[in-house]
Amino acid sequence: MKTTIAKIGQYEGQEVTIGAWLAGKRSSGKIAFLQLRDGTGFIQGVVVKAEAGEEQFQQAKNLTQESSLYVTGTVKADERSPSGYELVVSHIDLLHAATDYPITPKEHGTEFLMDHRHLWLRSKRQHAVMKIRNEIIRATYQFFNENGFVKVDPPILTGSAPEGTSELFATKYFDEDAYLSQSGQLYMEAAAMALGRVFSFGPTFRAEKSKTRRHLIEFWMIEPEMAFVEFEENLEIQEQYVAYIVKAVLDACQLELNVLGRDTSKLEQITAPFPRIHYDQAITFLQEKGFDDITWGDDFGAPHETAIAEHYDKPVFITHYPTSLKPFYMQPDPERDDVVLCADLIAPEGYGEIIGGSQRIDDADLLKQRIKEHQLSEDAYKWYMELRHYGSVPHSGFGLGLERTVAWLAGVEHVRETIPFPRLLNRLYP
Ligand code: 4AD
Ligand code: MG
């Protein structure tokens, strides 16, 4: 019976064949242990000389790392194995003998591993991270579909810039200037006026000169946008969504979290509601903590965010940032127009901002004024302005950065390990 490692438990006591790569091996004079992987999982194959015969045993002993194989054997329950099973091997078909695989069991430096990202992805750790990433994506579609949202795909090539013009990747669109999308938000606002509640999931590009563990040049964002939803309800949807994906990962990825050594007790506490702290309070809090370089009107850096996050065991919303720090489209607080109806969601344990969101300006005159103040081209934003001329309604939305969320849930220090092929400052290879 041909099967996969993920399904092997269904065949306990039976003989099966799997296609696999040799991830590692160790052997003595009488027995060889093969670490096999097939993409669906990892399992140990045991070759006993007395049972498999001299020829099969020698072949197994001489196999090289990352050689590809068809392995036939009997499935045996094994309590010590993380998958719960091992394979007692009777026959091996060598498909391709690999030689000098560069990533050996010894320690390698980060740059070396990044240069070999196309191979590094095969490791148990990277496999676990990619499975967690996949589960977050799967649960995202499920959450939004269950809650009446429609998936809408905004364009990648655009003529306008939602988050400011300094970090755009410019390109040519035949004779016109174009930019790679840094956020689909403006298009999602148009879609919300057509479909009510919408969400997108796609790549975004930012030519940020930041070399930190939280910044990628190309990253993936989930951007919901909701008509008739105001500031507070926007936060409620965010906390429900984040709690939902945390639970999904805990339910589906125990094996992977275990491989990564993630302390899951910290994730089990993540239930809605999440605490909220006003920007004003956050400044006072930081000053009291001894950050005497920060004053009202300043943006937060990673150390500030971490200090605030450490105060809570759940993600925390920092709300009502100064208008001057945020993009042109955010709705001012009706009580004081020096702050806007926005919130950043800061993950616990120092993983930083995972969501940025806000209520959007729905008044045409105010939006026009803001576009002027930000020196944006009225031509490029003409279509966006028109959304305020034909049945304008209060509406809100947010963007969740997938890679930072993966880093947090997987307990991975740097976002470079949370996307298959990271695009970083000075890295476009492989
Ligand atoms: O806070 P940002 O810039 O918000 C927006 O783009 C809004 N237009 C979203 C919206 O309201 N529809 O980005 C949203 C999130 C951040 O909280 C962060 O998680 C992630 O995107 N992010 C990055 N992730 C990795 N590398 C970068 N360079 C990132 N920049 C932002
Ligand atoms: Mg932000």
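Keep in mind it's a predicted model, so treat the numbers as computed, not measured.

(A) A look at the overall build of the chain. Secondary structure assignment for the chain yields 14 helices and 18 strands. Overall, the C-alpha framework of the chain stretches about 85 × 55 × 40 Å when taken along its three principal axes. Long-range pairs, those at least 24 residues apart, make up 65% of the contacts in the chain between residues at least 6 apart in sequence.

(B) Summary view of the UniProt feature "domain: Aminoacyl-transfer RNA synthetases class-II family profile" (unreviewed entry) in the chain. Taken from the UniProt record, the annotation "domain: Aminoacyl-transfer RNA synthetases class-II family profile" (unreviewed entry) applies to residues 130–430. Secondary structure over residues 130–430 splits into 34% helix and 22% strand, and the C-alpha atoms at its two ends are 17 Å apart.

(C) Fine view of the domain arrangement of the chain. You can read the domains of the chain as domain 1 (5–96) and domain 2 (117–417). For domain 1 and domain 2, the distance between their C-alpha centroids amounts to 45 Å.

(D) Molecular detail of the sheet that holds strand S8 (residues 170–173). If you walk across this open sheet you meet the three strands as S7-S9-S8, and the pairing is antiparallel. With one partner strand each, in any of the chains shown, strand S7 (157–158) and S8 form the two edges of the open sheet. Looking at chain direction, S8 and strand S9 (residues 176–180) are connected through four bridges and run antiparallel. Bridged to tyrosine 173 within S9 is glutamate 176.

(E) Seen up close, the packing of helix H5 (residues 124–146) against helix H14 (residues 402–410). Taken N-terminus to C-terminus, the directions of H5 and H14 make an angle of 120°; their axes are 10 Å apart at the nearest point. If you check the angle between H5 and H14, you find them oblique. The handedness of the crossing between H5 and H14 comes out as right-handed. The segment H5 lies against H14, with Val129, Ile132, Arg133 and Ile136 engaging Leu402, Thr405, Val406, Leu409 and Ala410.

(F) Fine view of the site of ligand 1. Near ligand 1 you find 23 residues, and of these Ser183, Gln185, Gly356, Gly399 and Gly401 are the closest. Counting residues per element, the ones that place at least two in the shell around ligand 1 are strand S11 (218–227), strand S17 (352–359), strand S18 (395–401) and H14. The dominant element in the shell around ligand 1, judged by the number of residues it contributes, is S17, at five residues. For the shell around ligand 1, the class distribution of residues is eight nonpolar, eight polar and seven charged.

(G) Molecular detail of the nonpolar core. Counting 72 residues, the largest nonpolar core has Ile132, Ile318, Val406 and Leu409 as its most contacted members. For this core, the element with the most residues is helix H7 (residues 231–252), which contributes seven residues.

(H) Layout of the environment of lysine 382. Relative to the helices and strands, lysine 382 resides in helix H13 (residues 382–386). Expressed as a C-alpha distance, the spacing of lysine 382 and lysine 368, which sit 14 residues apart in the sequence, is 9.7 Å.

(I) Spatial organisation of H5. Over its 23 residues, H5 runs 33 Å from end to end, which matches the ideal 33 Å to within 8%, given 1.5 Å per residue. Buried within H5 we find Ala128, Val129, Ile132, Arg133, Glu135, Ile136, Thr140, Phe143 and Phe144. Buried-residue contacts for H5 involve strand S10 (197–205), S11, H7, helix H8 (254–259) and H14. Positive backbone phi, at 80°, marks glycine 148, one or two positions downstream of H5.

(J) Region of the structure containing the sheet that holds strand S16 (residues 342–347). A sheet is described by the order of its strands in space; here eight strands give the open sequence S6-S10-S11-S18-S17-S16-S13-S12, paired in mixed fashion. Looking along the sheet, the strands with just one partner apiece sit at the ends: strand S6 (150–151) and strand S12 (276–278). Sheet analysis places S10 next to S11, joined by nine bridges and oriented antiparallel. Of the residues in S11, the one forming a bridge with phenylalanine 201 is isoleucine 222. Where helix H6 (residues 185–195) meets the sheet, its contacts fall on S6, S10, S11 and S18, and the angle it forms with S11 comes to roughly 30°. Sheet contacts for H7: S12, strand S13 (316–319), S16, S17 and S18; angle to S17, the most-contacted strand, approximately 145°.

Cut-offs applied
- Residues numbered from 1 in each chain as written.
- Chains lettered and ligands numbered in written order.
- Predicted model: local features only at pLDDT ≥ 70, side-chain atom pairs only at ≥ 80, totals over all residues.
- Helix = DSSP H or I, 4+ residues; strand = E, 2+ residues; numbered from the N terminus.
- Contact = placed C-beta atoms within 7 Å.
- UniProt positions renumbered as here; feature names shortened; annotations may be inferred.
- Domains from an automatic or database assignment.
- Pairing = 2+ DSSP bridges.
- Axes fitted to C-alpha atoms, helices over the stretch in contact; angles between N-to-C directions.
- Parallel < 35°, antiparallel > 145°, perpendicular 65-115°, else oblique.
- Left-handed = near helix turned anticlockwise from the far one by under 90°.
- Near = placed C-beta within 6 Å.
- Nonpolar A, V, L, I, M, F, W, Y, C, P; charged D, E, K, R; others polar.
- Core = buried A, V, L, I, M, F, W, Y, C linked by C-beta atoms within 7 Å.
- Buried ≥ 20, exposed ≤ 12 C-beta atoms within 10 Å, placed from the backbone.
- Expected span 1.5 Å × (residues − 1).

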